[in-house]
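# Report on the structure
The chain contents come next:
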There are 2 protein chains.
Amino acid sequence: MDNFTFYSPTLFAFGDGQAQTTGSLVRRFGGSKVLLVYGGGSVKRNGAYDAVTASLKEAGIPFQELSGIQANPRSGKVYEGIETVRKEGLDFLVALGGGSVIDTAKAIGMGAEYDGDFWDFFSGKTKIERSLPVGVILTIAAAGSEGSDSCVITHENGNLKWGIPKSDAVRPKFSVLDPRYTCSLPPYQTACGAVDMMAHICERYFSNTPDVALTDRLCEALLKTVVDAAPKAIADTNDYAARADLMWAGMLAHNNSCGVGRAQDWASHQMEHELSAFYDCAHGAGLAVVMPAWMEYVYTHDVMRFARFAVEVFGCEMDYAEPKNTALLGIRRLREFFRALGMPTTLKEIEGAKSEDIPKMVEHRREKPNGFPFGSFVKIGPEEMAEILRGTDL
Amino acid sequence: MDNFTFYSPTLFAFGDGQAQTTGSLVRRFGGSKVLLVYGGGSVKRNGAYDAVTASLKEAGIPFQELSGIQANPRSGKVYEGIETVRKEGLDFLVALGGGSVIDTAKAIGMGAEYDGDFWDFFSGKTKIERSLPVGVILTIAAAGSEGSDSCVITHENGNLKWGIPKSDAVRPKFSVLDPRYTCSLPPYQTACGAVDMMAHICERYFSNTPDVALTDRLCEALLKTVVDAAPKAIADTNDYAARADLMWAGMLAHNNSCGVGRAQDWASHQMEHELSAFYDCAHGAGLAVVMPAWMEYVYTHDVMRFARFAVEVFGCEMDYAEPKNTALLGIRRLREFFRALGMPTTLKEIEGAKSEDIPKMVEHRREKPNGFPFGSFVKIGPEEMAEILRGTDL
């Protein structure tokens, strides 16, 4: 186990009806004038918007609104939010939605406290020292941004989907997690969320760090939970127990509970960011395509870890004579699982995607600061990236 | 899953050499004059005292010392510490040691900020509103107080070993966890720690709350880790990987990561507190005696949960025809495991203990506010408590 620091000072209020505590939580963490950030109509249809605004009003907290945040959130909305915060003298951000809304609020929070362009944090020009406080009311179990120290924004100028270096300054002060709000999600979005959280765990699980027995088991506990709960939530959208498991697993998958003290990989995420930058596909859908192909490309690097994954997560029988068979079976099972959830698992299933774009995606990746190599379990250079992406062209 | 709030805002600095960050961590969390609380010579022998005091000096932080804290920490030292804090105008507590030292520092912290007797918080006379900040340098993996919201002190007047109602105000600001400091622990203390953390998990695991698949798996991941690592740490006291697993598992076992959203039991702890109040035995040793007896008394309440415990934690084969057999096998395995670690598992192995005292322990328990019934998985009244304790007289 490597040395580490773990600091997760977010207050999580979990369960049915917790959104009514929003106003008092904003007060507790020092907010007095709020920018409420959200997407479109779904938070109005599922009751979340009404519950949150009622709670803010009851607590006597005035708020402005910034709506229309979309998947793969864009820099334009961040600039707009920063301007509103400054003009109106707002001191607290409430993100009502999923990862895109939360990341937009986080970026506004860091940008509002900085004299220059907020994109400087993403381009690596400067380091995040502080941020306006952010609170979250989560309505999609997926990105884990409600408990994480990370943030991803797409800059319209150059179609750059980049993340910040991890920073405790962007951890939300509080996150309200009410599984009821996720019951109205369409199956496709529920599935995308499940893939995203499994990817967050796998990026930590496939590690070269020795002596990580405890976090290995925590990763497996989370993966098994998602494998168990996601099909239930899709079969019966109002299955509260399954929705609750997914929601809490999604947070634990990315607040780094299961990743402390071990090298992490993140190669699949890096490659998926190119997919969604090119085709604006859902992050989870892109991951469902990329991750099994990455696994097939790298599994020989540590056959026994992939065999363990197969046995512990999918209940495969161990082939002690040929562990390779077990390793490959586990990858196959993962792809079948994604497919059963209704996810794409090949490049051509993503709208607009074609294998001719692969070299362009590799080139686009080069523009990123420290674009190559990426990955830690296995180092991925331009040729390896191209080869993995060709592996999605089934 | 029940609704819950989870708030664990402690910064954990984990690994070899982390004690040298003590001074900067005290500064980060607003401390300028420290009371350094510790036990006896072990922290001087293992280098922890030197590392911590050097770090405080380097950061220019003056400190007073309160030493001589013993197992089952007493109220006398708490009163002494409160007086020193007030007289010297100290504003931060650094606990260097294990659960007894940390709980003493926590009690000093809450008492120093309160006009009345600190015991009022334990007797239920008043509620904890605030506390001086506490930082921890942990030297024993056991109690989990380094991340917890609880605190147990024994009042010399009446030999009352009581805890406070859980309060986020007493969570440490930071905890330094360096597994190296635990390498010099004698096998007996290592074993006591392992039992204590397993008990913290079991008190959460044996629950009547339905739909707790995720936390069930997290509990099992932690239990398996302790079952795997504790014998290794005892066989080779310098096994860093095993020491590291135990240290992080001990924190996770009690910061409530694995207990959120489910009713918790705590009956074994309540009964053990009487054992250690009567015989001043190590908490872990008392738990090794009480917990299997409690299990044998209650297992018929939920045979399948005990069968699952046997299969998932000890790898027992499931007897599908007679799950009761599997349940009982798991309890037997637990007792054997404790015995193999060198722990007592019967009343008579505790120095001075005799079955004639059982009625007195039951009577002593009655003095406690809301003394009976206790437990949540199965309610325990005076007769049940006597019966369980008689079950330890093997």
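First, a word on scope: everything that follows refers to the structure included in this document. Within any chain, residue numbers begin from 1 and follow the written order of that chain's sequence. Starting at A for chains and at 1 for ligands, labels are handed out in the order in which the entities are written. Confidence filtering applies because this is a predicted model: local features only for residues at pLDDT of at least 70, side-chain atom pairs given and counted only at 80 or more, and all residues used for totals across whole chains, interfaces and linings. With hydrogens and water stripped out, all remaining heavy atoms of the structure feed into the side-chain values.

## Remarks on the sheet that holds strand 3 (residues 34-38) of chain A
When DSSP finds at least two bridges between two strands, those strands are taken to pair. Per the convention used, a helix needs a DSSP run of H or I reaching at least four residues, while a strand needs a run of E reaching at least two, with both numbered from the N terminus. Taken together, the seven strands give an open sheet; going across it, the order is 4(A)-3(A)-5(A)-6(A)-9(A)-2(A)-1(B), and neighbouring strands pair in mixed fashion. With partners counted over all chains shown, the strands left at the sheet margins are strand 4 (63-66) of chain A together with strand 1 (4-7) of chain B, one partner each. Averaged over all pairs of adjacent strands, the angle between strand axes in this sheet comes to 15°, irrespective of strand direction. Pairing between strand 2 (residues 11-14) of chain A and strand 1 of chain B: four bridges, direction antiparallel. Counted as the bridge partner of F12 of chain A is F6 of chain B from strand 1 of chain B. Two residues qualify as a contact provided that any one of their heavy atoms is within 4.5 Å of a heavy atom in the partner residue. With axes taken as lines fitted to C-alpha atoms, and helix axes fitted only over the stretch in contact, angles between N-to-C directions fall between 0 and 180 degrees. Helix-sheet contacts for helix 3 (residues 48-58) of chain A involve strand 3, strand 4, strand 5 (92-97) and strand 6 (134-138) of chain A, and the interaxial angle to strand 3 of chain A is about 175°.

## Side note on the interface of chain B and chain A
Many analyses report the size of an interface as the accessible area lost when the parts associate. Counting residues at the interface gives 36 residues for chain B, matched by 36 residues for chain A. We define a salt bridge as a side-chain nitrogen of Lys or Arg found within 4 Å of a carboxyl oxygen belonging to Asp or Glu. The residue R217 of chain B makes a salt bridge to D228 of chain A at a minimum N-O spacing of 3.8 Å. In the analysis that follows, any N or O atom pair within 3.5 Å is treated as a polar contact, provided that within protein one partner can donate a hydrogen and the other can accept it, and provided that, for residues neighboring in sequence, both atoms belong to side chains. Taken together, chain B and chain A are joined by eight residue pairs in polar contact (both at pLDDT 80 or more). Mapped by element, the contributors of at least two residues to the side of chain B that touches chain A are strand 1, strand 2 (11-14), helix 8 (213-235) and helix 9 (240-252) of chain B. The class makeup of the residues in the side of chain B that touches chain A is 22 nonpolar, seven polar and seven charged. Any residue that is not Ala, Val, Leu, Ile, Met, Phe, Trp, Tyr, Cys, Pro, Asp, Glu, Lys or Arg is counted as polar, Gly included; the first ten are nonpolar and the last four charged.

## Looking at the sheet that holds strand 2 of chain B
Reading across from one edge, 1(A)-2(B)-9(B)-6(B)-5(B)-3(B)-4(B) is the order of the seven strands in this open sheet, with mixed pairing throughout. Two strands in the sheet have a free side with no partner beyond their single neighbour: strand 1 (4-7) of chain A together with strand 4 (63-66) of chain B. For this sheet, the mean inter-axis angle between neighbouring strands, taken without regard to orientation, is 15°. The sheet contacts of helix 4 (residues 75-88) of chain B involve strand 3 (34-38), strand 4 and strand 5 (92-97) of chain B, and relative to strand 4 of chain B the element is tilted by about 165°. Strands in contact with helix 9 of chain B are strand 1 of chain A together with strand 2, strand 6 (134-138) and strand 9 (174-177) of chain B; relative to strand 2 of chain B, the strand with the most contacts, it is inclined by about 170°.

## Overview of the nonpolar core
Here, nonpolar core means buried Ala, Val, Leu, Ile, Met, Phe, Trp, Tyr and Cys residues that are tied together by side-chain atoms lying within 4.5 Å of each other. For every residue, the accessible area obtained with a 1.4 Å probe (protein chains only) is divided by the maximum for its type, and the residue is called buried under 20%, exposed over 50%, and partly exposed between those limits. Among the nonpolar cores identified, the biggest contains 234 residues, and W248 and W294 of chain A together with W248 and W294 of chain B are the most heavily contacted of them. Apart from residues lying up to four places away in sequence, W248 of chain B is in contact with F4, F6, L214 and V260 of chain A together with F12, F14 and L177 of chain B.

## With respect to the pattern of salt bridges
Within the structure shown, the criterion is met by 38 salt bridges over all chains. Across the pair D16 of chain B and R180 of chain B runs a salt bridge, and its minimum N-O distance is 3.3 Å. Of this pair, D16 of chain B sits in the loop between strand 2 and helix 1 (22-28) while R180 of chain B sits in the loop between strand 9 and helix 7 (187-205), and the two are 164 residues apart along the sequence. Taking the relative accessible area as the measure of exposure, R180 of chain B reaches 39% and is therefore partly exposed. Several salt bridges share partner residues, and in doing so they unite D216, E220, R262, R305 and R308 of chain A into one network.

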